[in-house]
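# Topology and contacts: notes
Residues per chain are reported as follows:
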Amino acid sequence: MYSAAVTPNANATTADRLVEATRELLWERGYTGTSPKAIQQRAGAGQGSMYHHFAGKPDLALAAITRTAGELRARADGLLSGPGTAVERIAAYLRRERDVLRGCPVGRLTQDPEVMADPVLRAPVEQTLGWLRGRLAEVLAEGRANGELPPSLDPSDTAATVVAVLQGGYVLARAAGDPGPFDQAVTGLLALLPPTR
């Protein structure tokens with residue numbers, strides 16, 4: 001979970017504070033709405049410090065997106081590699097605590113035209129969503145091989161559906177201003193993955 005604002009940490013380096021501030025602002029405002037001045041103010045850093053550590057806004061944004069993507073992967077992998085059946089692990093991932101109304105900090109970047117137009121900024125977004133589909137497909141294939149899921153289930157197609165429902169659930173919840181539609185989407189998806197036993 002991310003805080004609403006970066007609180008300066010005496011132990012954090014200026015570069016870390018700049019990256020954390022950029023992560024927050026990208027999630028809140030997107031790339032276009034994130035100005036160098038706003039980053040500096042949120043991080044409590046001067047312009048000279050920012051340009052001492054980073055070549056410019058794109059370089060800082062790449063560091064922020066890469067860090068966010070890495071944390072998302074680690075959190076997801078921890079749940080998907082945990083105990084339980086394939087469906088229980090997927091359910092644990094889908095039902096984990098999250099700030100639904102803020103949306104997915106990686107998924108939201110797909111709606112940012114400047115991020116999507118820049119191959120360097122788009123790469124960690126594309127890689128993370130691709131990794132998630134692949135990891136879910138592995139878990140689903142494991143469940144099918146163990147007889148927990150029907151042999152007819154296609155792990156790759158189903159993994160793509162899980163990611164689509166997750167990201168779509170964020171959109172529905174944000175549109176409604178209520179996490180209820182997200183919860184409904186997750187519940188409906190899990191109902192489509194009944195165990196064979």
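Our subject is the structure listed above.
If you look at the biggest cluster of nonpolar residues, it comprises 53 residues, and the most contacted ones within it are Leu18, Ile90, Leu94 and Leu136. Contributions of two or more residues to this core are made by helix H1 (14-29), helix H2 (36-43), helix H4 (57-80), helix H5 (86-94), helix H7 (119-145), helix H8 (155-176) and helix H9 (180-191). Those residues in contact with leucine 94 that lie beyond four places of it in its chain are Val162, Leu166, Phe182, Val186, Leu189 and Leu190.

Turning our attention to the side chain of glutamine 167. Among the secondary structure elements, glutamine 167 is positioned in helix H8. Setting aside residues up to four positions removed in sequence, glutamine 167 forms contacts with Cys104, Gly107 and Leu129.

The N-to-C vectors of H4 and H7 enclose an angle of 5°; their axes lie 9 Å apart at closest approach. On the basis of their axis angle, the class for H4 and H7 is roughly parallel. Across the interface between the two elements, Pro58, Ala61, Leu62, Ile65, Thr66, Ala69, Leu72, Arg73, Ala76, Asp77 and Leu80 from H4 touch Val120, Leu121, Pro124, Val125, Gln127, Thr128, Trp131, Leu132, Arg135, Leu136 and Val139 from H7. Residue composition of the contact of H4 with H7, by class: 16 nonpolar, three polar and three charged.

We now examine the environment of aspartate 112. Looking at the element boundaries, aspartate 112 is found in the loop between H5 and helix H6 (113-117). Assessed through its relative accessible area of 7%, aspartate 112 is described here as buried. C-alpha of aspartate 112 to C-alpha of tyrosine 31: the two residues are 81 residues apart in sequence and 6.8 Å apart in space. Once residues lying within four places of it in the same chain are set aside, the contact partners of aspartate 112 are Gly30, Tyr31 and Thr32.

A separate point is H5. Across the nine residues of H5, seven count as buried, placing the element largely inside the fold. Taken together, the buried positions of H5 are occupied by Ala86, Val87, Arg89, Ile90, Ala91, Tyr93 and Leu94. Looking at the buried positions of H5, the neighbouring elements they touch are H4, H7, H8 and H9.

Let's shift gears to the packing of H7 against H8. Look at H7 against H8: their axes get within 8 Å of each other, and the N-to-C directions meet at 125°. On the basis of their axis angle, the class for H7 and H8 is oblique. Note that H7 runs across H8; the crossing there is right-handed. Every residue of H8 that contacts H7 at Leu129, Leu132, Arg133, Leu136, Ala137, Leu140, Ala141 and Arg144 is listed here: Pro155, Ser156, Thr158, Ala159, Ala160, Val162, Val163 and Gln167. Here the contact of H7 with H8 is built from residues that sort into 11 nonpolar, three polar and two charged.

Quick notes on the rules
- For every chain, the first residue of the written sequence is number 1, and numbering continues from 1 onward in sequence order.
- Restriction of local features to residues with pLDDT of at least 70 applies here, the model being predicted, together with a cutoff of 80 or more for giving and counting side-chain atom pairs; totals for whole chains, interfaces and linings are based on all residues.
- Side-chain measures were taken over the full set of non-hydrogen atoms in the model, leaving aside hydrogen atoms and water.
- As used here, the term nonpolar core means buried Ala, Val, Leu, Ile, Met, Phe, Trp, Tyr and Cys residues forming a set that is joined through side-chain atoms within 4.5 Å.
- Working definition: with a 1.4 Å probe on protein chains only, accessible area under 20% of the residue-type maximum means buried, over 50% means exposed, and in between means partly exposed.
- The numbering of helices and of strands both runs from the N terminus, where a helix is a DSSP run of H or I of at least 4 residues and a strand a run of E of at least 2.
- Whether two residues are in contact is decided by their heavy atoms, any of which lying within 4.5 Å being enough.
- Angles shown run from 0 to 180 degrees and are taken between the N-to-C directions of axes, each axis being a line fitted to C-alpha atoms and, for helices, limited to the stretch in contact.
- An angle counts as roughly parallel when it lies under 35 degrees, as roughly antiparallel when it exceeds 145, as roughly perpendicular when it falls between 65 and 115, and as oblique in every other case.
- Each residue is assigned to one of three groups, with Ala, Val, Leu, Ile, Met, Phe, Trp, Tyr, Cys and Pro labelled nonpolar, Asp, Glu, Lys and Arg labelled charged, and all others, Gly among them, labelled polar.
- The sense of a crossing depends on the near helix, which, turned anticlockwise from the far helix by less than a right angle, makes the crossing left-handed and, turned clockwise, makes it right-handed.

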